[in-house]
Amino acid sequence: MAQQNRLTRIEKVLDYIHDNLDEPINVANLAEKSCWSRWQFQRVFGEATGLTVAQYIRELRLSKAAELLLSSTNRQMDIAMLCGFDSEISFSRAFKQMFNCTPRAYRQRGKRHGLRTPLQYRTGHEVANQFKTFTQIRIENHESFRLYGVHDWIRGPFSSMPDFHERVPNLWRHIEKQTSTIENKSPIGIIDTHYDAQHPEQMCYWAGYLGERLEGQESIVVPAQEYAVIPVHGKASEVEKAVGWFLHCWLPESNYYSVSGYELEKYDVNYDPNSTQSYMEYWLPIQPR
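Just so you know, these numbers come straight off a predicted model, no measurement behind them.

### Let's talk about the overall build of the protein
Of the regular secondary structure elements, the protein holds nine helices and twelve strands. Its C-alpha atoms give the protein a radius of gyration of 21 Å, within 12% of the compact-globule value 19 Å for 289 residues. Taken along the three principal axes of its C-alpha coordinates, the protein extends 60 × 50 × 40 Å. Across the protein, the fraction of contacts at a sequence separation of at least 24, relative to all contacts at a separation of at least 6, is 70%. For the protein, the accessible surface area stands at approximately 15700 Å², while carbon and sulfur atoms represent 48% of it. Charged side chains of the protein number 32 positive and 35 negative; the gap between the two group centres comes to 6 Å.

### Comments concerning the pattern of salt bridges
Evaluated as defined, the whole model comprises twelve salt bridges. Put simply, glutamate 143 and lysine 111 hold a salt bridge, and the shortest N to O gap is 3.2 Å. You can see glutamate 143 sitting in the loop between β4 (138–142) and β5 (145–154) and its partner lysine 111 sitting in the loop between α7 (103–109) and β1 (115–116), a full 32 residues away along the chain. For the salt bridge of arginine 138 with glutamate 281, the shortest nitrogen-to-oxygen distance reads 2.9 Å. In this pair, arginine 138 sits in strand β4 while glutamate 281 sits in strand β12 (residues 279–288), placing the two residues 143 residues apart along the sequence. The pair arginine 138 / glutamate 281 is uniform in exposure class, with both members buried. When salt bridges that share partners are traced, they join Asp152, Arg155, Asp163 and Arg167 into one network.

### Section: helix α4 (residues 53–71)
The terminal C-alpha atoms of α4, which comprises 19 residues, lie 27 Å apart, in line with the 27 Å expected from a rise of 1.5 Å per residue. For α4, the full list of buried residues reads Val53, Tyr56, Ile57, Glu59, Leu60, Arg61, Leu62, Ser63, Ala65, Ala66, Leu68 and Leu69.

### Things to note about the packing of aromatic side chains
Aromatic ring pairs are reported here in terms of the distance separating the ring centres and the angle at which the planes meet. Inspection of every chain in the model, using the stated rule, returns 14 aromatic pairs. Arranged with centres 5.9 Å apart and planes meeting at 75°, the rings of tryptophan 172 and tyrosine 209 form a pair that is edge-to-face. Of the two residues, tryptophan 172 is situated in helix α8 (residues 164–178) and tyrosine 209 in strand β7 (residues 203–209); the sequence distance between them amounts to 37 residues. Taken individually, tryptophan 172 and tyrosine 209 each receive the classification buried, so the pair is uniform in this respect. On the numbers, 5.6 Å between centres and 70° between planes, the contact of tyrosine 227 with tryptophan 283 is edge-to-face. In this pair, tyrosine 227 sits in strand β9 (residues 225–233) while tryptophan 283 sits in strand β12, placing the two residues 56 residues apart along the sequence. Across the pair, tryptophan 283 and tyrosine 227 agree in class, each one buried. Grouped by ring-pair contacts, the aromatic residues Phe85, Phe91, Phe95, Phe99 and Tyr106 constitute a single cluster. Over the ring of tryptophan 36 we find arginine 9; its NZ or CZ atom is 3.9 Å from the centre of that ring. We note lysine 33 situated over the ring of tyrosine 16; from NZ or CZ to the ring centre the distance is 4.4 Å.

### Focus: the nonpolar core
Ranked by internal contacts, the top residues of the largest apolar core, which has 47 residues, are Phe95, Phe99, Tyr205, Ile230 and Phe246. Broken down by element, this core gets its largest block of residues, six residues, from helix α9 (residues 237–250). Leaving out residues up to four positions away in the same chain, isoleucine 230 has contacts with Ile137, Ala242, Val243, Phe246, Met280, Glu281, Tyr282 and Leu284. With 22 residues, the next largest nonpolar core counts Ile25, Phe45, Leu119 and Phe134 among its residues.

### Points about the confidence of the model for the protein
Residues shown with low pLDDT carry predicted positions that ought not to be read at fine detail. Taken over all residues, the pLDDT of the protein has a mean of 89, while the share at 70 or more is 92%. Between residues 125–132, whose pLDDT stays under 50, and residues either more than four places distant or in other chains, the model counts 18 contacts.

### Details of the side chain of serine 72
Secondary-structure assignment places serine 72 in the loop between α4 and α5 (76–82). Within the local environment of serine 72, its side chain forms a polar contact with the backbone oxygen of leucine 68, the two atoms lying 2.6 Å apart. There is a polar contact of 3.3 Å between the side chain of serine 72 and the backbone nitrogen of asparagine 74.

### Topic: helix α3 (residues 38–49)
Between its first and last C-alpha atoms α3 spans 16 Å; for twelve residues at 1.5 Å apiece the expected length is 16 Å, and the two agree. Buried within α3 we find Phe41, Val44, Phe45, Gly46, Ala48 and Thr49. Downstream of α3 by a residue or two, glycine 50 has a phi angle that is positive, lying close to 80°.

Here is what the cut-offs are and how they apply
Residues numbered from 1 in each chain as written. Predicted model: local features only at pLDDT ≥ 70, side-chain atom pairs only at ≥ 80, totals over all residues. Heavy atoms only, no water. Helix = DSSP H or I, 4+ residues; strand = E, 2+ residues; numbered from the N terminus. Rg over C-alpha atoms; globule rule 2.2 N^0.38 Å. Contact = heavy atoms within 4.5 Å. Areas by Shrake-Rupley, 256 points an atom, 1.4 Å probe, with all protein chains shown as cover. Lys, Arg positive; Asp, Glu negative; His and termini not counted. Charge placed at Lys NZ, Arg CZ, Asp CG, Glu CD. Salt bridge = Lys/Arg side-chain N within 4 Å of Asp/Glu carboxyl O. Buried < 20%, exposed > 50% of the residue type's maximum accessible area, 1.4 Å probe, protein only. Expected span 1.5 Å × (residues − 1). Phe/Tyr/Trp six-rings, centres within 6.5 Å; stacked < 30°, edge-to-face > 60°. Lys NZ or Arg CZ within 6 Å of the ring centre and 35° of its normal. Core = buried A, V, L, I, M, F, W, Y, C linked by side-chain atoms within 4.5 Å. pLDDT = per-residue confidence, 0-100. Polar contact = N/O pair within 3.5 Å; in protein donor to acceptor, adjacent residues only side chain to side chain.

And the structure:
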């Protein structure tokens, strides 16, 4: 009960931040709203989110500004004011620190990348590390790339007879044997969700590593696409839960649609599907509403 009360108090503070990004927000006021002292509030906020209060507010404001640069014709100065910055100079400096380019260059590029969305608490989300209580979705644009590997047709979790729990690990075991001598491999799984008349209830799953082609491997080219990036901490079984939460809870309330395309599974170099300390990212293709 104490844990739930703590999270509820943090959620109330997050709601206030999300509703007042264009207004001055200071830690003292947030601490007062949370009923903790300033020091206690900053500690609990950091433990629950993995971020400092100032960092979280700054990233959300800059993400809002980046979205406005792409979706509106507002002047840069007006966008800065709308997002809580008191001058165009301070806005440009902070923007460049986060996105590694100026607001003007970001607008000219015309692609979403590095956007942070508001943290959300995942009910029933159980992980070993308390720092991962809340989930934050990123919006990224991924350039086209070619992956070498192996593939098979699978039935996913929404199929009448799902078999991905057996077929996907088999693919990874097969490719592990081919690449056992290669160090610092970057594993990537690709799920082609386009409809195929010859496999009406199946999806094509690719398992591979970025790098040179090995004997007997085929390749797939993934076109440039905009994605929502879902962070997943823990065992491989957490992936299905995280994606389910994204589809049923996050996506319907967001400003994006899910689209058919190529879903990506990006794994850490030393990813262990049985470890509670593992980390991977699930990339789902989207487009703005």
